Amino acid sequence: MYPLIHQTAYEPDPDHGPWFEQFRVMYFPEEWRTEFLDLYHRRRHRRSEPPGLPIRRLNALLRATAPGVLATGRGAGSSSEVPWFYATDDQPAELVAPLLASWVMTLSPGTDKDPVRAAGHEAALDRALALIDEVTPGWRDESVDLTATEVSAGGTAEPDRRLYHLLPERIGALLAARPLLMDGAELRFRQVTRDQGVELVSWPPRTYTKYKRTWYYSALVTVTVQTAPFTDRFRVHVSYGVRRWVTDSPVKLQNGSGATVLLDAPMPWAETSDRRHRLAVNSISLDRTLRVPVWSRQSLVDLLPELDIQHVYPKPAELTGEAAEWLAGRDGVAAGILYDTGFGKHGVGAGLMPLERMLLDRWIEEGIRPFLRRVPALERVHRRSNPRLLATSHTKDPGKLAERARLRVEARRAAIRTVLDGQPLSVDVVWQTEETRDGLVTALRQWLDLPPAVPDADGTYEWHADELCVVLRARPMESLGSAIRVVRETGLSRAQSVASAVRERAARMTARLGAHRKTAGIAFVEILGRDRFPATDTDPKSALRLGCAGAGRVSQFIVVPEDADGPLSERAGSAVADGMRQLGAMVPPEQKLDKALTDDMQYLALWHVRHQASGSTRQASRHLVALRIRPRDPVHPVQGWDEAKKRWVPYARLLLTIAASGATPTHREETDRTGTMAAETRYEAERQIRSLLYQVRDRPTLLLANSGNLRKVWPGLSNGQLVKDSLVFDGERPARLSLFGTDLRVVLLRDANSREETAEWYAPGAQEDDTPGVSIGLWAPQDADPDNRVFTSTVGKPPTAGTVRTDLRKIVPTTRWPHGPAATAWNPQALELTVLGCLSEQALEQTRRTDWPADRTALLAAAVHQLRLHDEYHPLSRPLPLHLAKLAEQYVLPLAAEAMPTAEAATSDDVEAGSPSVEQ
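Residues numbered from 1 in each chain as written. Predicted model: local features only at pLDDT ≥ 70, side-chain atom pairs only at ≥ 80, totals over all residues. Heavy atoms only, no water.

1. Regarding the overall build of the protein
Part 1: Secondary structure summary: the protein contains 20 helices and 40 strands in total.
Part 2: Taking 2.2 N^0.38 as the reference for a compact globule, 920 residues should give roughly 29 Å; the C-alpha atoms of the protein span a radius of gyration of 29 Å, in line with that estimate.
Part 3: A burial count over the protein gives 55% of its 920 residues as buried.
Part 4: Residue pairs at least 24 apart in sequence account for 73% of intrachain contacts in the protein once pairs closer than 6 positions are excluded.
Part 5: Accessible area of the protein: about 40,600 Å², with a carbon and sulfur share of 49%.
Part 6: For the protein, the distance from the average position of its 116 positive side-chain charges to the average position of its 118 negative side-chain charges is 4 Å. (Helix = DSSP H or I, 4+ residues; strand = E, 2+ residues; numbered from the N terminus. Rg over C-alpha atoms; globule rule 2.2 N^0.38 Å. Buried < 20%, exposed > 50% of the residue type's maximum accessible area, 1.4 Å probe, protein only. Contact = heavy atoms within 4.5 Å. Areas by Shrake-Rupley, 256 points an atom, 1.4 Å probe, with all protein chains shown as cover. Lys, Arg positive; Asp, Glu negative; His and termini not counted. Charge placed at Lys NZ, Arg CZ, Asp CG, Glu CD.)

2. Thoughts on the packing of aromatic side chains
Part 1: In this structure the tally under the stated criterion is 16 aromatic pairs.
Part 2: Seen in terms of ring centroids, F85 and W139 are 5.4 Å apart; in terms of plane orientation they differ by 70°. Their pairing is edge-to-face. Taken as a pair, F85 in strand β5 (residues 83-87) and W139 in strand β6 (residues 139-145) lie far apart in primary sequence, 54 residues in all.
Part 3: Stacked on the ring of W431, the Lys or Arg R437 has its end atom at 4.9 Å from the ring centre.
Part 4: Directly above the ring of F230 sits K724, whose terminal nitrogen or CZ lies 5.5 Å from the centroid. (Phe/Tyr/Trp six-rings, centres within 6.5 Å; stacked < 30°, edge-to-face > 60°. Lys NZ or Arg CZ within 6 Å of the ring centre and 35° of its normal.)

3. Looking at the pattern of salt bridges
Any two side chains of opposite charge can pair if their charged atoms end up close together.
Part 1: Taken as a whole and judged by the stated rule, the model has 56 salt bridges.
Part 2: Notably, a salt bridge pairs E11 with R373, separated by 2.9 Å at the nearest N-O pair. With E11 in strand β2 (residues 9-12) and R373 in strand β20 (residues 372-374), this pair connects stretches of sequence that are 362 residues apart.
Part 3: In this structure, the salt-bridge partner of E590 is R388, at a minimum N-O distance of 3.6 Å. A residue pair is termed long-range when its members are at least 10 positions apart, and E590 in the loop between α14 (568-583) and β28 (602-611) and R388 in the loop between β21 (378-380) and α10 (398-417) qualify at 202 residues.
Part 4: R388 sits in the partly exposed class, given a relative accessible area of 46%. (Salt bridge = Lys/Arg side-chain N within 4 Å of Asp/Glu carboxyl O.)

4. Focus: the packing of helix α1 (residues 30-43) against helix α4 (residues 115-134)
Part 1: Taken N-terminus to C-terminus, the directions of α1 and α4 make an angle of 155°; their axes are 10 Å apart at the nearest point. In terms of orientation, α1 lies roughly antiparallel with respect to α4. For the pair α1 and α4, the sense of crossing is left-handed. Counted together, E31, W32, E35, F36, D38, L39 and R42 of α1 and G120, H121, A124, L125, R127, A128, L131 and I132 of α4 form the full contact between these two elements.
Part 2: Residue composition of the contact of α1 with α4, by class: 8 nonpolar, 2 polar and 5 charged. (Axes fitted to C-alpha atoms, helices over the stretch in contact; angles between N-to-C directions. Parallel < 35°, antiparallel > 145°, perpendicular 65-115°, else oblique. Left-handed = near helix turned anticlockwise from the far one by under 90°. Nonpolar A, V, L, I, M, F, W, Y, C, P; charged D, E, K, R; others polar.)

5. Quick look at the side chain of E760
Part 1: Following the sequence through the fold, E760 ends up in the loop between β35 (744-750) and β36 (761-762).
Part 2: Judged by its relative accessible area of 18%, E760 is buried.
Part 3: Engagement of the side chain of E760 in a polar contact is seen with the side chain of R357, the distance being 2.9 Å. (Polar contact = N/O pair within 3.5 Å; in protein donor to acceptor, adjacent residues only side chain to side chain.)

6. Quick word on helix α5 (residues 163-176)
Part 1: Taking 1.5 Å of rise per residue, the 14 residues of α5 would be expected to cover 20 Å, and the 19 Å separating its terminal C-alpha atoms lies within 8% of that figure.
Part 2: Buried residues dominate α5, accounting for 12 of its 14 residues.
Part 3: For α5, the full list of buried residues reads L163, H165, L166, L167, P168, E169, R170, I171, G172, A173, L175 and A176. (Expected span 1.5 Å × (residues − 1).)

7. Some details on the sheet that holds strand β31 (residues 647-650)
Strand pairing in a sheet is mediated by backbone hydrogen bonds. Such pairs are either parallel or antiparallel.
Part 1: The strand order across the open sheet formed by 12 strands is β31-β30-β29-β28-β32-β35-β39-β38-β37-β21-β1-β36, and the pairing between neighbours is mixed. Edge positions in the sheet fall to β31 and β36, since each of these pairs with one other strand and no more.
Part 2: Pairing geometry for strand β1 (residues 4-7) and β21, over 2 bridges, is antiparallel. Pairing of L4 across the sheet is with E379, part of β21.
Part 3: The strands touched by helix α19 (residues 857-866) are β32 (701-706), β35, β37 (777-781), β38 (790-794) and β39 (831-837); relative to β39, the strand with the most contacts, the crossing angle is about 135°.
Part 4: Strands in contact with helix α20 (residues 880-887) are β28, β29 (621-629), β30 (638-642), β32 and β35; relative to β28, the strand with the most contacts, it is inclined by about 30°. (Pairing = 2+ DSSP bridges.)

8. Re the pairing of strand β26 (residues 521-527)
Part 1: With 7 of 7 residues buried, β26 is to be regarded as a mostly interior element.
Part 2: Residue alternation in β26 divides its side chains into two sets, G521, A523, V525 and I527 and I522, F524 and E526, and both sets are buried.
Part 3: Where strand β22 (residues 425-431) meets β26, 4 bridges bridge the pair, whose relative direction is parallel. When the bridges of β26 are listed, V429 appears paired with F524.
Part 4: Since β26 and strand β27 (residues 553-559) lie parallel, the crossover through helix α13 (residues 541-550) that links them has a hand, and here it is right-handed. (Right-handed = clockwise from strand over helix to strand, strands pointing away.)

9. A closer look at the sheet that holds β22
Part 1: Strand order in the open sheet formed by 5 strands is β23-β24-β22-β26-β27, and the pairing between neighbours is mixed. Edge positions in the open sheet fall to β23 (460-465) and β27, since each of these has one partner strand only. Strand-to-strand, the axes of this sheet are offset by a mean angle of 15°, without reference to chain direction.
Part 2: The pairing of β23 with strand β24 (residues 468-476) spans 6 bridges and is classified as antiparallel. Within β24, the residue paired with E462 across the bridge is V471.

10. Section: the pairing of strand β13 (residues 206-210)
Part 1: Direction of pairing for β13 relative to strand β14 (residues 213-226): antiparallel, over a ladder of 5 bridges. Note that in β14 the partner of T209 across the bridge is T214.
Part 2: Hairpin connection of β13 to β14: 2 residues between the antiparallel strands, including Y211 at a positive phi of 55°.

11. Topic: α20
Part 1: Counting buried residues along α20, 7 of its 8 residues qualify, which places the element largely inside the surrounding structure.
Part 2: The complete set of buried residues in α20 reads L880, P881, L882, H883, L884, A885 and L887.

12. What to know about the side chain of R878
Part 1: Checked against the element boundaries, R878 lands in the loop between α19 and α20.
Part 2: There is a polar contact of 3.4 Å between the side chain of R878 and the side chain of S877.
Part 3: Setting aside anything within four residues of it in sequence, one finds R878 in contact with W607, D751, L831, R868, H883 and K886.

13. As for the environment of Y873
Part 1: Along the polypeptide, Y873 turns up in the loop between α19 and α20.
Part 2: The residues contacting Y873, other than those within four sequence positions of it, are R581, M586, L880, H883, L884 and L887.
Part 3: Within polar-contact distance, the side chain of Y873 engages the side chain of H883 at 3.5 Å.

14. Quick look at unusual backbone geometry
Residues apart from glycine generally show negative phi values, whereas peptide bonds are mostly found in trans.
Part 1: Put simply, S249 and P250 share a cis peptide bond, and its omega is 0°.
Part 2: Summarising the element assignment, P250 is placed in the loop between β15 (235-246) and β16 (259-264).
Part 3: In the segment running from R369 into P370, the intervening peptide bond is cis, with an omega of -5°.
Part 4: For P370, the location among the structural elements is in the loop between α9 (354-367) and β20.

15. Examining the confidence of the model for the protein
Part 1: Model confidence for the protein is summarised by a mean pLDDT of 88, while 93% of its residues fall at 70 or above.
Part 2: In this model, residues 666-674 is a region of pLDDT below 50 whose contacts with residues beyond four sequence positions or in other chains number 23 contacts.
Part 3: Predicted confidence is poor over residues 901-920, with pLDDT under 50, and the contacts of this stretch with residues over four places away or in other chains come to 38 contacts. (pLDDT = per-residue confidence, 0-100.)

Encoded structure:
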């Protein structure tokens with residue numbers, strides 16, 4: 001057991017003081033902005049006017065081709081007061097002008113059938129191009145403190161806003177300028193700018209060969225600026241991984257999804273010292289109409305040939321047809337397609353082992369001295385890591401194994417009885433293959449230890465065991481599993497056409513299963529693999545789920561054997577477990593804390609669902625899920641809040657209600673150009689949260705919220721607005737927590753998400769040369785004060801991760817383990833737990849309470865940490881109440897409102913003719 005863990009995070013070193021850098025800064029001239037915006041508005045004359053210029057592509061072009069440009073500012077297209085870009089030297093006008101002209105040409109509306117309007121477009125373009133030469137932007141010297149920080153009223157460091165993009169770029173430049181020596185190999189890195197921070201990709205890619213096949217991969221380092229609650233210094237988080245490249249040709253792009261392409265191109269100007277420090281981001285997708293690969297509008301590769309006539313740049317079809325050749329490079333130009341799981345299997349495994357993470361972290365630490373230092377190591381703060389779980393230690397003793405199996409089945413049956421209200425457990429199996437049908441029946445029998453049974457003529461099984469009645473009906477899927485046929489009628493949007501087709505299929509599924517039931521049942525539905533369907537909205541999964549909900553069944557899907565990975569027995573067992581979870585037959589195990597919490601503690605979890613218009617139903621929607629768990633309740637311990645009926649309902653009923661509310665749309669888009677709708681969404685979400693807190697005032701409550709998920713609709717959860725033992729609602733001053741409930745506690749959670757908000761970690765050995773590893777527990781900084789509110793929760797690897805050496809090297813494999821790159825590394829995610837509110841000494845003093853001792857913040861954090869562990873789950877990425885609340889988003893399936901077509905004629909927007917999965 002390791003006593004400490006190290007986070008891969010850094011903070012400004014107070015011993016060094018401020019970190020000043022001198023830049024030459026240019027501002028986007030107001031004359032340019034006005035004229036270019038007029039041109040851009042002409043292109044969008046049928047839409048609402050955008051608030052600013054689409055300057056992102058121009059910024060990327062500058063970073064990729066202008067020597068000396070370090071970073072571009074955010075918001076320069078909307079305001080001439082915002083710095084446009086930061087550089088080490090002035091950029092000559094003869095360099096900036098062609099870049100700007102190439103970009104301005106993309107703003108032009110192009111051809112127009114109206115001759116008057118076409119002439120106006122041409123004149124506007126001429127004025128814009130002429131203005132490039134007439135107006136010369138001014139340069140100014142600017143000294144920037146890369147550690148500039150203000151501290152919020154709650155004690156949280158808030159860095160200067162420009163540091164979020166400027167500091168990672170500066171760190172990236174420092175690291176890209178120095179090689180990494182690893183096991184005799186020299187790795188050099190290129191910068192890739194991202195929306196959040198910067199990536200460093202080792203270049204050129206390395207190769208791994210097995211069975212006469214070669215795979216390509218690179219080391220990956222990501223740098224972002226973050227804040228930590230109640231911490232007076234901001235953080236720089238560094239994460240590590242493997243960037244894998246697609247080399248199979250031809251590369252198969254899927255409808256509705258594209259791929260990212262990193263381009264390594266020479267500068268179109270004279271050679272400079274930083275020529276090889278950047279890779280340019282492009283994206284490629286499949287044109288829905290032409291069925292050929294095309295570059296996206298934001299890609300640079302279309303602009304570069306206009307600036308560089310000496311080199312040949314890849315066309316989309318060439319790149320997808322000869323991926324390996326372009327990755328190796330042609331005449332000084334290279335391009336690589338980033339791999340994701342949608343491209344099939346890759347010979348190089350994902351992730352890095354703790355040893356390589358530590359070695360990379362040491363290289364980072366050396367490269368950013370003396371400006372930044374590592375954050376303090378974390379030590380264990382609670383003796384017990386696990387709740388009271390069933391024994392899982394290895395044993396061959398038949399008696400012990402039988403007793404463990406008996407206790408597990410007993411617990412499962414007891415959990416199911418709490419959600420049935422004395423009714424039978426109703427199970428439907430809707431199958432496409434007899435193999436899966438039989439596998440699901442066997443899995444259900446094994447899960448509940450039911451004896452073999454013979455179905456009747458209708459395919460119905462029935463069991464009676466331990467005061468539990470189980471009725472299973474098996475019926476074939478037939479054509480219900482085929483692709484949704486979407487027909488575009490004149491006057492209907494794509495979303496309305498999809499909604500009509502989905503409603504029709506859902507109604508057929510409801511009819512197949514039968515009428516509503518008093519108690520929710522579970523339907524196991526066998527479906528085809530996702531790749532069988534040419535577009536996201538032709539996949540029938542959403543329609544089948546809505547149809548099951550209409551029949552009073554929650555639904556769990558399982559893929560036909562020919563489209564699935566893994567043995568059927570494991571997949572069927574997982575499906576049964578997930579189905580029981582959807583019924584609500586899942587409560588937290590008894591906790592083992594250093595000191596017990598109050599017996600009647602209930603957990604309230606909030607999760608905000610944002611269903612995008614690009615999703616399977618082509619309709620946007622927002623939904624706040626509120627879940628309440630009372631572990632000691634004998635009936636329906638897991639319940640959710642029904643906003644329409646203003647009452648708590650069983651978890652399964654909540655899922656069915658959410659599905660029904662989406663089928664009858666009442667939600668609008670969250671955002672518009674003025675932000676009015678976003679403000680309305682925030683107001684409604686905060687109103688619901690206040691109401692929910694009022695509903696749970698009757699007993700001690702621990703509120704769990706993921707701040708990254710909720711802060712868009714509850715801005716008071718942003719780190720800079722947090723105040724201990726207080727809640728902040730939009731536009732209001734902090735309010736004491738006791739005003740919302742005398743026994744209310746609040747714990748906020750953060751995970752890494754796509755913004756790297758929590759740092760990676762590893763457990764160092766006792767000695768310098770000891771092999772690092774991973775460790776389970778609840779952690780806090782070594783120098784934390786008694787009222788520390790921020791903790792780190794880590795859990796062990798799941799059984800599916802297998803046993804892999806923590807000292808295995810993948811980036812540069814050793815001769816002892818030459819096939820190290822093939823190993824998949826388990827990257828344990830740290831969960832940040834912030835005890836925002838509790839019955840602290842200060843809170844009790846403010847309310848003059850003497851009936852309760854002050855809470856120990858570490859004890860509350862330990863209780864939340866133990867909620868990540870359950871007998872029926874591998875270690876969870878979030879506590880069980882939040883886990884169940886988030887899973888409810890699977891039932892948020894909004895459909896567009898029905899509308900009458902304006903004409904009888906219809907245009908076909910169907911799936912391809914002859915597709916084996918198309919319903920005729």
